[in-house]
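As a plain string of letters, each chain reads:
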Amino acid sequence: MMAQPTGKMAACAIAALVLLNGSLRAQRQMEWLDRGVVAVLRSDDTVYVGWRMLGTEPESIAFNVYRDGERVNAEPIADSTNFVDEHGSPDATYTVCAVIDGAEGPHSAPAAVWAQNYLTVPLQTPQGYRPNDASVGDLTGDGAYEIVLHQVGRSRDNASRGMTDPPILEAYRLDGTLLWRINLGRNIREGAHYTQFMVYDLDGDGRAEVACKTADGTVDGTGKVIGDPNANWVNRDGKILEGPEFFTIFDGRTGAALATADYIPPRGDVGGWGGIGGNGGNDNNGNRVDRMLACVAYLDGSWPSVVMCRGYYGRSVLAAWDYRDGKLTSRWVFDSATPGLEAYSGQGNHNLSVADVDGDGKDEIIYGAMCVDDDGTGLYSTGLRHGDAMHVGNLDPDRPGLDVWGIHENEVPVPGYEDGFGAAMFDAATGEILWGRDPGRDVGRGVAADIDPRHPGAECWWNTSSVLCNAKGEPIGPRPRSQNFVVWWDGNLLRETLDGIRIAKWDWENGVEVPVMTADGCVANNGSKATPTLSADLFGDWREEVIWPTRDGKALRIYTTTIPTAHRFHTLMHDPQYRLSIAWQNVAYNQPPHVGFFLGAQMAPAPRPNIRLVGGTSSLIGSK
């Protein structure tokens, strides 16, 4: 199988070399964040303190830590963004200030000490509902994240008949204050493949918006109804195959609908969405036509756009939108049904990723086994067909640029695709397949992350094989049993496995997982996918927090590490690829985020983000 190039690819390598000079690229708009100080009482009665280093702050910056107004570190801390206070108190409050050239900047907001390694966020879960996936954004413009939570009642997969409850989106401050509730209404079906919601500052006003598909009867956060409040387009199978479909931008602070347009693309012929992906079949019952994806991407290199998508087993359509000055504008539409784009049909995943794959400073959408360029043209199609999981990053640091590793379904032979790889890595810029294994297999789970320091780059593993492979595809030993998520948690640069409510360390010498932390009293989401509500670098230092719902559904818990680390990076949320990964993490079959550079054992120095910050205040050194 060969990647199908466009004319633009011939100049890709030259363009990437020319554009290596960051001064030629536009700075990306990125959200201003506060210091994100967190203080946690540890089991030995010491207090762990962690804080953010912003993406615009210089490498020469250092920090001082204060307990109840008195400095607790002997010298400014210049090699990490965490500190263990040996004489801490559970009743103390901590602040952190930056130090540049010996001068202190303003203190952060005071942080009280947590009594355990998680923060409880009380919920007002509606009767009959349960917390599911979430996203984060600075909805209020104060430099701290709020949570946008998807509350789920009765739910059905696209392939199944049956009535569902209306999907509900809620916004919470971290203290549990409910900001608003949006009821998407009976004309939006509930299920993992229907409601993809994006939370991002789309217009640069310093406050995040919320974007998603809506319909007749959607009620915004102020009680206003979109479309016809009395319309009922649900058929006897519980599916919605008629009626208008909309795309709406909501105010992140109030939940008010700000702008609504017709959803692109419309359903059209509900039997026109089949193809070679998955089992190669087709249907007229709404299974394939209602497979939705979404993402945020910097298509012009400077400002974010929303991309709303439909279909991936066959016909695949991606529609890019700009939200500027209170108005929605269609930027471009990519449709694999367009003559000449047949190679792009059937290549989509149950998820997607966004990255600058060709080095021009603008983002591409990696749509499973194919890639759409920043201008809405097809960049390449690998022909590997549909899959359930995908990882995009600098997975093999021996090679320049980014790589894509994923798994693929080969449920039935399709002419011309009989020997497709079940697991494969390809070049993110060109689609060149670098290696593949398990031809003709239907692979359902897979992960790529650096978990073994003896081998450069990410290790890869998947459910139909018992072996762990290095970044070259070479077997190096047994694989972990966990194969859903990964997380940066302990003090080194390797990632830990995250499966269900357990975080574990891979013991590469003995080939076993060693439990590190279990979120007792919590539950995982999405059935056998066993994913958290969200994993992201929400506060503290650069390592990731994990959110799970409590078993009774009345709260979320945000877990953070208390393990010291000597490594220091800018907050991962100011790495553009990672930040966009958090925006799309809730989409369909959730996937863990990756940064746009190699972060792992024996890594090169991390690049400084080429960003400009909007929102918040200028009270922190380097914040603007």
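If you're wondering where the values come from, they're calculated on a predicted model, not measured in any experiment.

### Quick notes on the pairing of strand E7 (residues 93-100)
- Across the eight residues that make up E7, a large majority, seven, are buried.
- Bridge count for strand E4 (residues 62-67) against E7 is six bridges, and the pairing is antiparallel. Bridge pairing in E7 links Phe63 to Ala98.
- Note that E7 and strand E9 (residues 111-114) share two bridges and pair antiparallel. For Tyr94, the partnering residue across the bridge sits in E9 and is Ala111.

### As for the side chain of Asp427
- Counting through the fold element by element, Asp427 comes out in strand E31 (residues 421-427).
- Among the polar contacts listed, one links the side chain of Asp427 to the side chain of Arg399, at a separation of 2.5 Å.
- Apart from residues no more than four positions distant in its own chain, Asp427 is found in contact with Tyr380, Arg399, Leu402, Glu432 and Leu434.

### Remarks on the UniProt feature "domain: Rhamnogalacturonan lyase family 11 C-terminal" (unreviewed entry) in the protein chain
- This chain's UniProt record puts "domain: Rhamnogalacturonan lyase family 11 C-terminal" (unreviewed entry) on residues 127-609.
- As annotated, residues 127-609 comprises 2% helix and 34% strand, and the C-alpha atoms at either end are separated by 44 Å.

### Looking at the pattern of salt bridges
- Here the structure, examined in full by the defined rule, presents 33 salt bridges.
- Note that Arg331 and Asp322 form a salt bridge whose closest N and O atoms lie 3.1 Å from each other.
- The class for Arg331 is partly exposed, based on a relative accessible area of 33%.
- What emerges from the salt-bridge pattern is a single network uniting Lys213, Glu245, Arg267, Asp290 and Arg310.

### Concerning the sheet that holds strand E16 (residues 209-215)
- Pairing is antiparallel across the open sheet formed by four strands, whose spatial order is E15-E16-E19-E20. This sheet does not close on itself; its edge strands, each paired only once, are strand E15 (198-200) and strand E20 (257-262). When strand polarity is set aside, the average angle formed by the axes of neighbouring strands in this sheet is 25°.
- The pairing of strand E19 (residues 245-251) with E20 spans five bridges and is classified as antiparallel. Paired with Phe250 across the strands is Ala257, a residue of E20.

### Section: the sheet that holds strand E39 (residues 502-507)
- Spatially, E37-E38-E39-E40 is the arrangement adopted by the four strands of the open sheet, whose pairing is antiparallel. Across the chains shown, the open sheet's two edge strands, defined by having one partner strand only, are strand E37 (485-487) and strand E40 (512-518). Recorded for the sheet is a direction-independent mean angle of 35° between the axes of neighbouring strands.
- Direction of pairing for E39 relative to E40: antiparallel, over a ladder of six bridges. Paired with Arg502 across the bridge in E40 is Thr518.

### A look at the state of the cysteines
- All told, the structure shown has zero disulfides when counted by the stated rule.
- The thiol of Cys212 is unpaired, and the distance to the nearest cysteine sulfur, on Cys309, comes to 14 Å.
- Free of any disulfide, Cys295 has its nearest neighbouring cysteine sulfur in Cys309, separated by 5.3 Å.
- A relative accessible area of 0% means that Cys295 is categorised as buried.

### Digging into the nonpolar core
- Core analysis: the largest hydrophobic core is formed by 81 residues, its most contacted members being Phe247, Leu318, Ile365, Tyr367, Leu538 and Leu599.
- Of all the elements, strand E21 (residues 292-297) adds the most residues to this core, at six residues.
- Leaving out residues up to four positions away in the same chain, Leu318 has contacts with Val307, Met308, Cys309, Trp332, Val333, Phe334, Ile365, Tyr367, Met370 and Val372.
- Judged by nonpolar contacts, the second largest core, of 18 residues, contains Ala39, Trp51, Ala92 and Val113.

### Description of the packing of aromatic side chains
- Scanning all chains against the criterion turns up 11 aromatic pairs.
- Centre to centre, the rings of Phe334 and Tyr344 are 5.4 Å apart; their planes meet at 75°, and the pair counts as edge-to-face. One end of the pair, Phe334, is in strand E24 (residues 327-335); the other, Tyr344, is in the loop between E24 and strand E25 (353-355), and 10 residues separate them in sequence. The burial state of Phe334 is the same as that of Tyr344; both residues are buried.
- Taken together through their ring pairs, the aromatic side chains of Tyr118, Trp548 and Tyr559 make up a single cluster.
- The side chain of Lys529 reaches across the aromatic face of Tyr589, ending 4.1 Å from its centre.
- Sitting above the plane of the Trp303 ring, Arg612 keeps its charged end 4.7 Å from the centroid.

### Describing the pairing of strand E6 (residues 82-85)
- In E6, alternate side chains face the same way, and those of Asn82 and Val84 on one face and Phe83 and Asp85 on the other are all buried.
- When strand E3 (residues 47-50) meets E6, the two strands line up antiparallel, connected through four bridges. Opposite Val49, over in E6, you have Phe83 as the bridge partner.

Rules used in this analysis
Residues numbered from 1 in each chain as written. Predicted model: local features only at pLDDT ≥ 70, side-chain atom pairs only at ≥ 80, totals over all residues. Heavy atoms only, no water. Buried < 20%, exposed > 50% of the residue type's maximum accessible area, 1.4 Å probe, protein only. Helix = DSSP H or I, 4+ residues; strand = E, 2+ residues; numbered from the N terminus. Pairing = 2+ DSSP bridges. Polar contact = N/O pair within 3.5 Å; in protein donor to acceptor, adjacent residues only side chain to side chain. Contact = heavy atoms within 4.5 Å. UniProt positions renumbered as here; feature names shortened; annotations may be inferred. Salt bridge = Lys/Arg side-chain N within 4 Å of Asp/Glu carboxyl O. Axes fitted to C-alpha atoms, helices over the stretch in contact; angles between N-to-C directions. Disulfide = S-S within 2.5 Å. Core = buried A, V, L, I, M, F, W, Y, C linked by side-chain atoms within 4.5 Å. Phe/Tyr/Trp six-rings, centres within 6.5 Å; stacked < 30°, edge-to-face > 60°. Lys NZ or Arg CZ within 6 Å of the ring centre and 35° of its normal.

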